[in-house]
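Chain by chain, the residues run as shown.
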Amino acid sequence: MSIFKANSVSVNRAELAIVNDVDLQVERGTISVLLGANGAGKTTLLEGLSGVIRIAGGTIELEGQPLQRARPGARARAGLGYVEQGRTVFRELTTEENLRVGLHDSADISEAYALFPELVQRQDVPAGLLSGGEQQMLVIARALLTRPKVLMIDEMSAGLAPVIVGRLMQTMRKLADEGLAILLVEQFAALALDVGDRAYVMRRGRMVYDGDCKTLLDAPDKLHDFYLGSANTEG
Amino acid sequence: MNSLLTSAVAGLTAAGAYALLGVCAVFTYRLVAVVNFTGAAIGTAGTFVLITLYDAGFPLWPSVFAGIAGGTIAGVLIGFVMTTWFAESAASTKAAVTVALLVGLIAIGLRLTGGQHPHVMPDLFPGSAFRLAGVEVTIASALTIGLAVLFTLLADWFLNLTRTGLHLRALSERPMAAELLGVRVKLLSIFVWAVTGSFTAFALMIIAPQRSPNFMTLSLLVVPALAAALVGLFRSFWIALAGGIVLGVVEGLVSGFDGVSQYRGAIPFLVILGVLLWSQRGARWDDAR
Ligand SMILES: Nc1ncnc2c1ncn2[C@@H]1O[C@H](COP(=O)(O)OP(=O)(O)O)[C@@H](O)[C@H]1O
Ligand SMILES: [Mg+2]
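Residues numbered from 1 in each chain as written. Chains lettered and ligands numbered in written order. Predicted model: local features only at pLDDT ≥ 70, side-chain atom pairs only at ≥ 80, totals over all residues. Heavy atoms only, no water.

1. Notes on the coordination of the magnesium ion (ligand 2)
Protein-derived ligands of the magnesium ion (ligand 2) are Thr 43 of chain A (OG1) and Gln 85 of chain A (OE1), with the metal-ligand distances lying across 2.0 to 2.8 Å. With Thr 43 of chain A in helix H1 (residues 42-50) and Gln 85 of chain A in the loop between strand S6 (80-83) and helix H3 (95-101), this pair connects stretches of sequence that are 42 residues apart. (Donors = N, O, S within 2.8 Å, 3.2 Å for Na, K, Ca; no water. Helix = DSSP H or I, 4+ residues; strand = E, 2+ residues; numbered from the N terminus.)

Okay, structure coming up:
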């Protein structure tokens, strides 16, 4: 059984239907990759799932518990982690203070430093002064210290150097192998498909592909069509 | 010379109250991002709980505690309104909402407390604390200033050294990011309103005997309070504290001069105007670069 399920979720923005009737499941110990062109509605979907926006329809379940009416904080405390796009560090807090904000009773800061050793020497630096890569590591580590069961990450690689992107992908794989359920939104489709298990593709607010990563990776034309819209999924 | 000093020292009680209210305004702005026009009205509500109970024959100190509780509850109610319906609104919208709430509070307050006719406000701390260059400094003024300093120290300590303080700092910078990490944002915001409500209630009880204690006059002490907060650019507790004290002392000094004393109420406006002009000049200069 999937640990996290979204059933016919619709999300509006400013009264406009942006995400329509989307189904999605994430399993423990796997990486699900969510792809789609700019403006397809990936961020809007994640905001609906995390509670940043109230959804217009559908249900959301974490371990069988309905979450669609819960506030974002309650969803987070239930085990749904969400790393927003744009590296939302608390700029005026130090690295260490950022890590302590959501620290779960059973978690320890040292886990974050073990995962991302480069953060150790930056622990007393205000997070606003970190590099883009360091900030991304910080927000991922910060979310992990809340002990999520499911972790959703939006645009993990945006604006980062390829070495760092590779590093983060490997980290995702390791976390999934340790049992975490990950939903990853990525622009670097090939890299994400390479590390992921299941793939979803969104187009104009609808889910147009749900299958394994391998199939998409082996058929780059198909993926290309999803982005450009010539696939016969229209309408 | 001595009469000048007497006037200045006479302004100290107001100075302490302005300072405390100003620091509370900075606290509210920094932590829950609201320019709060109801600050003094919340304290006034608490003060009138005290006055009503005392009028009805209840002993003084239990009435004081009931009054502080009243201020706390008033703060929580306003905080509940702001966090439930206006948490996502722009700063200017939130400020406008508190202005509307202030008008409402004054109307209800005047109705409940029998209009503008004066009430008997017990002097909580009669007498003088010490002499400064031959001039009596009242206990009330020493106490309000002491309370303002205490609040500032506590705020600093609390924000920097406790877990809840860390959550508040995170919340003040990015409320949604804090909430997504499981921080109980709404509860914490209401806690901020409760704390400022109880402190301002106590401060207003101390200063009320020296003003005409009617609901409107006391509620409008928010004007010098916001002027003090503005001097600290709604950021620095210590500068807001100093701003409030200077404001009170200058007001005291001015009231010592016959020709101008009736204009002393305009001083906060001059300060607000001055700070705003000065900060705008800064902005334009930045743009020009
Ligand atoms: N704040 C907003 N208000 C109204 N429309 C928005 C807002 N943010 C995004 N949109 C629209 O919603 C659609 C989906 O955007 P988004 O979810 O950000 O896509 P993606 O993350 O896949 O790039 C786009 O057409 C975009 O123009
Ligand atoms: Mg996006």
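2. Focus on the packing of aromatic side chains
Residues and elements named next belong to chain B. Taken as a whole, this structure holds 11 aromatic pairs over all chains when the rule is applied. On the numbers, 6.4 Å between centres and 90° between planes, the contact of Phe 125 with Phe 202 is edge-to-face. Linking Phe 125 in the loop between helix H5 (91-112) and strand S1 (128-132) with Phe 202 in helix H9 (residues 185-207), this pair joins segments that are 77 residues apart in sequence. Centre to centre, the rings of Trp 157 and Phe 158 are 6.3 Å apart; their planes meet at 50°, and the pair counts as tilted. Taking the relative accessible area as the measure of exposure, Trp 157 reaches 47% and is therefore partly exposed. For Phe 158, a relative accessible area of 19% translates into the label buried. Ring-pair connections join several aromatic residues into one group, and the members of that group are Phe 27, Phe 151, Phe 199 and Phe 237. (Phe/Tyr/Trp six-rings, centres within 6.5 Å; stacked < 30°, edge-to-face > 60°. Buried < 20%, exposed > 50% of the residue type's maximum accessible area, 1.4 Å probe, protein only.)

3. Quick notes on H1 of chain A
All names here are of chain A. Buried residues dominate H1, accounting for nine of its nine residues. Looking only at H1, the buried set comprises Lys 42, Thr 43, Thr 44, Leu 45, Leu 46, Glu 47, Gly 48, Leu 49 and Ser 50. Gly 51 sits one or two residues past H1 and shows a positive phi near 100°.

4. As for the sheet that holds strand S4 (residues 57-62) of chain A
All names here are of chain A. Taken in spatial order, the four strands make up an open sheet running S2-S1-S4-S5, and their pairing is antiparallel. At either end of the open sheet lies a strand with only one pairing partner, and these are strand S2 (16-26) and strand S5 (65-66). Of the strand pairs in this sheet, S4 and S5 are connected by two bridges, and their pairing is antiparallel. In the sheet register, Glu 61 faces S5, and the bridge partner there is Pro 66. Its contacts with the sheet place H1 against strand S1 (4-13), S2 and S4, and it is angled at close to 115° to S1. (Pairing = 2+ DSSP bridges. Contact = heavy atoms within 4.5 Å. Axes fitted to C-alpha atoms, helices over the stretch in contact; angles between N-to-C directions.)

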